[in-house]
Amino acid sequence: MSHLPDSPCFVSADILLPKDCDLTKWSVVACDQYTSQPEYWKRIHRSLGDAPSTLRLMLPEAFLSDGKTSLHDMEIAQAMQRYLDDGVFQTIPHALIYVERWLSSGKLRRGLVGAVDLEQYDYTAGSQTLIRATEGTVLSRIPPRVAVRRQAPIELPHILMLMDDPERQIIEHLTAETDQMEQLYDFDLMADGGHITGYLLTPAQQEEVLSMIEGLRDEEAFARRYDAEGMPQLLFAVGDGNHSLASAKALYEEEKLAAPEGTELLSRYALVELENLHEDALEFEAIHRVVFHVDPRQLLADLLACYPGAHYGEGEGHSFQYVTAEGRGTIAVPNPKAQLAVGTLQTFLDGWLRTHVGSSIDYVHGADVAERLGAEPGNIAFLLPAMGKDQLFKTVIHDGALPRKTFSMGEAQDKRFYLEARKIK
């Protein structure tokens with residue numbers, strides 16, 4: 001697998017933006033949200049009418065199991081091409097876009113939209129590339145996404161990439177420089193998504209920002225900050241959308257094998273939003289587990305039997321709350337081998353689900369939704385604590401990827417909305 005340490009990881013891109021349309025209807029939240037609430041997506045679909053929308057350019061994961069994925073893939077590719085042919089998009093060449101996202105909480109989250117080099121990224125376990133997954137990648141989730149992307153002429157990103165800039169020098173100063181930029185969009189996002197504004201960086205601002213990003217690759221500073229002398233550097237960590245980025249990587253590697261040597265492929269790059277880990281509005285939220293079609297009492301008994309000394313109630317080690325139709329409680333696991341409570345629980349659930357084929361699991365953002373689902377007969381929800389974000393980079397550098405679905409960056413309505421696009425063919 002190629003790794004090009006001297007080439008830039010983050011670059012400008014020819015970015016497609018919609019023109020002459022209702023941007024509130026155009027922009028919808030990431031496909032991996034509301035996966036157990038298909039009624040959310042049906043409600044959004046009804047509200048659109050005939051308006052152009054990114055909902056027609058992606059498949060919500062809530063409908064992945066409806067048996068129509070091949071049809072969906074074809075319809076998505078056709079809609080993308082139709083939008084291109086009908087002039088729905090305008091091209092902003094060689095662009096970096098500074099984004100200000102006012103969240104539903106009233107907090108401001110800032111980012112930069114550009115492209116990452118997939119030659120610098122590897123989602124497999126034990127990766128030592130400059131761009132890495134923060135959580136374990138579920139390989140079975142990649143083929144359906146690759147199938148969509150294989151037919152698609154464009155990509156729409158919901159990937160949030162993190163950099164560790166504790167001095168807040170790279171993105172945050174742009175807040176005071178928007179008077180030098182061209183405003184590209186400014187509108188309210190649907191369904192309590194807050195408000196978003198995008199500005200085009202000037203060539204001088206681009207050069208300064210990209211230079212500062214590359215400055216984070218100083219080997220001595222890296223070794224001091226993470227106690228990582230001699231260890232491979234980590235520049236970017238995937239915060240949200242790892243499976244989408246992994247799918248982009250998988251398809252790029254597939255296309256690279258089929259292309260003549262030296263061919264420059266558009267698919268080598270993927271559009272993302274880059275954010276600073278130390279942004280005040282960037283808060284790590286727990287991702288809860290809901291297991292469906294189970295006997296909750298038996299599952300809890302199996303969980304207690306799995307770990308010596310595990311017991312009901314609070315205690316030393318790892319603990320997590322559960323909710324069933326009969327009520328709620330707490331399980332404590334002393335002397336855990338995993339670093340985090342989510343690792344202890346996920347290890348058990350992975351093994352348990354392999355032997356209980358009629359049961360299924362979902363990963364739910366928001367304790368209220370998890371509790372409601374867990375309280376339905378035949379279900380059980382596990383509520384997990386949030387992870388501190390200050391240890392993210394050091395943990396990934398020293399221990400590798402965290403257990404999958406360890407953390408989420410905000411509630412569902414605060415996730416990235418589809419808005420910008422980029423040609424990949």
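Now for a look at the structure at hand.

Conventions we followed
Along every chain, residues carry numbers that run from 1 in the direction the sequence is written. Only residues with pLDDT of at least 70 get local features here, since the model is predicted, and only at 80 or more are side-chain atom pairs given and counted; chain-wide, interface and lining totals rely on the full set of residues. In computing side-chain values, all of the structure's heavy atoms are included and hydrogens and water are not. By the criteria applied, helices consist of DSSP H or I runs no shorter than four residues and strands consist of E runs no shorter than two, each listed in order from the N terminus. Using C-alpha atoms as the atom set, the radius of gyration is obtained and then compared with a globule rule of 2.2 Å times the number of residues to the power 0.38. Think of it in three bands: with a 1.4 Å probe and only protein chains considered, a residue is buried below 20% of the maximum accessible area for its type, exposed above 50%, and partly exposed in between. Any two residues whose heavy atoms approach within 4.5 Å at even a single point are treated as in contact. A 1.4 Å probe and the Shrake-Rupley method give the accessible areas. Residues count as covered only by the protein chains that appear here. Take the number of residues in a helix, subtract one, and multiply by 1.5 Å to get its expected span. Directions drawn from the helix axis to the C-beta atoms are what define this arc.

What follows deals with the overall build of the chain. Looking only at helices and strands, the chain has eleven helices and 21 strands in total. A compact globule built from 425 residues would reach a C-alpha radius of gyration of about 22 Å, and the chain, at 22 Å, matches this within 12%. In the chain, which comprises 425 residues, the proportion classed as buried is 56%. Put simply, of all contacts in the chain between residues at least 6 apart along the chain, 78% involve residues at least 24 apart. When the accessible surface of the chain is split by element, carbon and sulfur atoms take 50% of a total near 18400 Å².

Time to look at the environment of Leu-17. Mapped onto the elements, Leu-17 comes out in strand S2 (residues 13-18). Take Leu-17: its relative accessible area is 3%, and that puts it in the buried class. Remark: the alpha-carbon pair of Leu-17 and Arg-289, spanning 272 residues in sequence, is separated by 36 Å.

Moving on to the environment of Ser-36. Structurally, Ser-36 is set in the loop between helix H1 (23-26) and helix H2 (38-48). Judged by its relative accessible area of 26%, Ser-36 falls in the partly exposed class. Expressed as a C-alpha distance, the spacing of Ser-36 and Ala-259, which sit 223 residues apart in the sequence, is 40 Å. Apart from residues lying up to four places away in sequence, Ser-36 is in contact with Phe-292, Asp-362 and Leu-373.

The next point concerns helix H3 (residues 69-85). In a regular helix each residue adds 1.5 Å, so 17 residues correspond to 24 Å; H3 covers 24 Å between its end C-alpha atoms and thus fits that length. Those residues of H3 not exposed but buried are His-72, Asp-73, Ile-76, Ala-77, Ala-79, Met-80 and Tyr-83. Within H3, the buried residues cover an arc of 160° as seen down the axis, which keeps them to one side. For H3, the exposed residues set more than 90 degrees away from the buried face come down to Ser-70 and Asp-85. Residues of H3 that are buried make contact with H1, strand S3 (89-95), helix H4 (142-151) and strand S8 (154-155). Looking one or two residues past H3, Gly-87 carries a phi angle of roughly 75°, positive in sign.

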